[in-house]
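# Observations on chain architecture
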Amino acid sequence: MHLLPWGVGVPFMISIFTAKTGNSIASRCREDEATRLRLRYKPYYHTFERQVGTHVWLGKAEMVMLSSNDYLGLTHHPKVIEAAQRGLTEWGTSTTGARLSNGSRSYHQALEEKLAAFLGKEACHISVAGYISCMSALQAFAQKGDVVFADKNLHSSIWAGIGLTQAKAERFAHNNAEDLRELLSYESPDTPKIVAFEGVYSMEGHIAPIPEILAVTAEHNCFHVMDDAHGFGVLGQHGRGTANHFGVTDKIDLIAGSFSKALASTGGFVAGSREVIEYLRSHSKQTIFSAALAPAQAYAASAALDLLQSEPEHLRRLWDNTKRYKQILHDLKLDTWGSETPAVPIVLGTKERAYRFWQHLMDHGVFTVMSIAPAVPPGKDLVRTAISACHTDEDLSKIGDAMAFAARRL
């Protein structure tokens, strides 16, 4: 048999082989409609060249940032920056390990103790990301035979945690304690139950009706998990969060949250009783296998936590700005979905209207984020906005003008 030298005819042979076998995953990626539309209309993954306070530069265009989670405006606070720099100097850039093995440091423990005391809990565990912390708050505790009752509008991180368990999941209508009551009535009193909800829902700006939820669950053998990423630093005494806001901290078994909002850093936390947090450290895959929080981020979060208590003017300014901003939107008759917090959606109803509104704001120097179904319920396509303590009167005036222009063209 005559053999061709290596390389001769090989491309032809490979192309025939590829055509026969195909690559369905690669084809799915290449033909994905959501990606095609994203690349065509470019609503996401914008990269800024520069930032000064609430102003960012997209290419050469200066814009007011109206979708940041920097609620208290502490990301450029001199004390936070100095603390992050001190963390780098004292500890370097990374622990290069998980807390379970070689990655735990004294600054982790110091921040955990400070945060637990601030929240009114016995113990706390900090992680490399808020998403990781919220996942672990479900994954570590829910087991086969348990039932997780979850608000249907929960953040993706909580659903991801539930999906890693063998527990049964039941969704109750958003912020609807009576629907939760009905679902609970179908389960045996002896069945272990987890009730998961957010303190503040970041897409809607809604505050959870925690007293009503607790009244419904009181006789049902429930373990309560709350994601308070958007309530921490915003609600409660000195920003202690949604449970503190309602005076029910002792009734919530686990409070999870993020450092990338009010604490001007990255990372996350889970706080609860000492025995619950130690159980999490034994059973949470996210905790066991994730690298520890970097020094600069932990130091920055710690400094921001101090500022929540020593400089309350940031929280006051946040709510003053929120009140003025919502009045602007109310005067324009824009639908804010009943937002009760500095996270303020502008509901447009269809993706086409949301895109046009978002684009008008961009054209007038205001940066926001568009969110469309299925990320939101059908008919709730929206532009998500968020107010910061750092927004100036001039910023709010510019935002008001841009909103007026966009609203006139709906």
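Residues numbered from 1 in each chain as written. Predicted model: local features only at pLDDT ≥ 70, side-chain atom pairs only at ≥ 80, totals over all residues. Heavy atoms only, no water.

### Details of helix α13 (residues 295-310)
Note the following rule: Going along the chain from the N terminus, every DSSP run of H or I of four or more residues is numbered as a helix, and every run of E of two or more is numbered as a strand. Take the residue count of a helix, subtract one, and multiply by 1.5 Å to get its expected span. Each residue is assigned to one of three classes by its accessible area relative to the maximum for its type, calculated with a 1.4 Å probe on protein chains only: buried under 20%, partly exposed between the two thresholds, exposed over 50%.
Taking 1.5 Å as the rise per residue, α13 with 16 residues should run 22 Å; its terminal C-alpha atoms sit 23 Å apart, in good agreement. Counting buried residues along α13, 12 of its 16 residues qualify, which places the element largely inside the surrounding structure. Every buried residue of α13 is listed here: P295, A296, A298, Y299, A300, A301, S302, A303, A304, L305, L307 and L308.

### Digging into the environment of I399
For the record, the criterion: By the convention used here, residues are in contact when the closest approach between their heavy atoms is within 4.5 Å.
Assignment of secondary structure puts I399 in helix α16 (residues 393-408). Given a relative accessible area of 0%, I399 falls into the buried group. Put simply, I399 and L361 are 38 residues apart on the chain and 8.4 Å apart in space, counted from C-alpha to C-alpha. Non-local contacts of I399, meaning those with residues more than four positions away in its chain, are made with V64, L66, Y325, V366 and H391.

### Considering the nonpolar core
Definition in use: We define a nonpolar core as any set of buried Ala, Val, Leu, Ile, Met, Phe, Trp, Tyr and Cys residues linked to one another through side-chain atoms lying within 4.5 Å.
If you look at the biggest cluster of nonpolar residues, it comprises 89 residues, and the most contacted ones within it are L115, F197, F259, F269, Y325, F357 and M403. A total of 10 residues in this core trace back to one element, the largest contributor, which is α13. Residues within four places of F259 in sequence aside, it is in contact with L111, L115, I126, A264, S265, T266, G267, G268, F269, L293 and A301. The next biggest cluster of nonpolar side chains, apart from the first, holds 24 residues, and it includes A140, V148, L254 and I277.

### Examining the pairing of strand β2 (residues 55-58)
This is how it is decided: A pair of strands is labelled paired if DSSP reports no fewer than 2 bridges between them.
Taken together, the 3 bridges between strand β1 (residues 50-52) and β2 define a ladder with antiparallel strand orientation. Looking across to β2, one finds that R50 is bridged to W57. Connecting β1 to the antiparallel partner β2 that follows it, the hairpin turn spans 2 residues, and G53 within it adopts a positive phi of roughly 60°. Pairing geometry for β2 and strand β3 (residues 61-65), over 4 bridges, is antiparallel. Each bridged residue has a counterpart across the sheet, and for H55 the counterpart in β3 is V64.

### Brief notes about unusual backbone geometry
Between A373 and the following residue, P374, the backbone shows a cis peptide bond with an omega angle of 10°. Along the chain, P374 turns up in the loop between β15 (369-371) and β16 (382-386). Despite not being glycine, Y45 shows a phi value in the positive range, around 60°. With respect to the secondary-structure elements, Y45 resides in the loop between α3 (33-41) and β1. The exposure class assigned to Y45 is exposed, which follows from its relative accessible area of 70%. In this model, N175 sits at a positive phi of 55°, which is unusual for a non-glycine residue. Here N175 shows up in the loop between β6 (168-172) and α8 (177-185).

### Quick word on the pairing of β6
Here is the rule we go by: Note on handedness: a clockwise path from strand one over the helix to strand two, with the strands aimed away from the viewer, defines a right-handed crossover.
One ladder, built from 5 bridges, connects strand β5 (residues 147-151) with β6; its direction is parallel. Note that in β6 the partner of V148 across the bridge is A169. Viewed along the sheet, the connection from β5 through helix α7 (residues 156-163) into β6 turns out right-handed.

### Brief notes about the packing of aromatic side chains
Defined as follows: Note on aromatic contacts: the rings of Phe and Tyr and the six-membered ring of Trp form a pair at centre separations within 6.5 Å, being stacked when their planes are under 30 degrees apart, edge-to-face when over 60 apart, and tilted otherwise.
Evaluation of the coordinates by the stated rule reveals 10 aromatic pairs. Look at Y41 and Y355: their rings are 5.3 Å apart centre to centre, the planes differ by 70°, and that puts the pair in the edge-to-face class. In this pair, Y41 sits in helix α3 while Y355 sits in helix α15 (residues 351-363), placing the two residues 314 residues apart along the sequence. Given a relative accessible area of 35%, Y41 falls into the partly exposed group. Put simply, the rings of F118, F232, F259 and F269 touch in pairs and so form one group of aromatic residues.

### Regarding α16
Between its first and last C-alpha, α16 extends 23 Å over 16 residues, near the 22 Å set by a 1.5 Å rise per residue. The set of residues buried in α16 consists of D395, L396, I399, G400, A402, M403, A404, F405, A406 and A407.

### A word on the sheet that holds strand β13 (residues 343-347)
Cut-off, in case you're wondering: Helix axes are fitted only over the stretch in contact, all axes being lines through C-alpha atoms; the angle between N-to-C directions runs from 0 to 180 degrees.
Read from one edge to the other, the open sheet built from 3 strands follows the order β13-β16-β15, with strand pairing classed as antiparallel. Only two strands of the sheet have a single neighbouring strand rather than two, namely β13 and β15. Each strand axis lies, on average, 35° off the axis of its neighbour in the sheet, ignoring direction.

### Describing the layout of surface pockets
Condition: Using protein atoms alone on a 1 Å grid, points that fit a 1.4 Å probe yet trap it form a cavity, whereas open point sets bounded by protein on both sides within 12 Å along at least five of seven lines form a pocket; residues with an atom within 4 Å of a point count as lining. Grid points are joined across faces, edges and corners, and a volume is the space filled by probe spheres set on the points. Residue classes follow a fixed rule: Ala, Val, Leu, Ile, Met, Phe, Trp, Tyr, Cys and Pro count as nonpolar, while Asp, Glu, Lys and Arg count as charged, and any other residue, Gly among them, counts as polar.
Space inside the largest pocket adds up to approximately 940 Å³. For the largest pocket, the lining is made up of 38 residues, of which H155, S156, S202, M203 and A375 are closest to its centre. Breaking the lining of the largest pocket down by element, the ones donating at least two residues are α6 (130-139), α7 and β15. Tallied by class, residues from the lining of the largest pocket come to 17 nonpolar, 14 polar and 7 charged. Within this model, the second largest pocket holds a volume of roughly 390 Å³. If you trace the second largest pocket, you find it lined by A34, L37, R38, Y41, P43, Y44, K351, E352, Y355, R356, M370 and I372. Contributions of two or more residues to the lining of the second largest pocket are made by α3 and α15.

### Observations regarding the sheet that holds β1
As summarised here, the arrangement of the 4 strands in space is β1-β2-β3-β14, forming an open sheet in which the pairing is mixed. Only two strands of the sheet have a single partner each, and these edge strands are β1 and β14 (366-367). In the packing of α16 onto the sheet, the strands contacted are β2, β3 and β14, and the crossing angle to β3 comes to about 100°.

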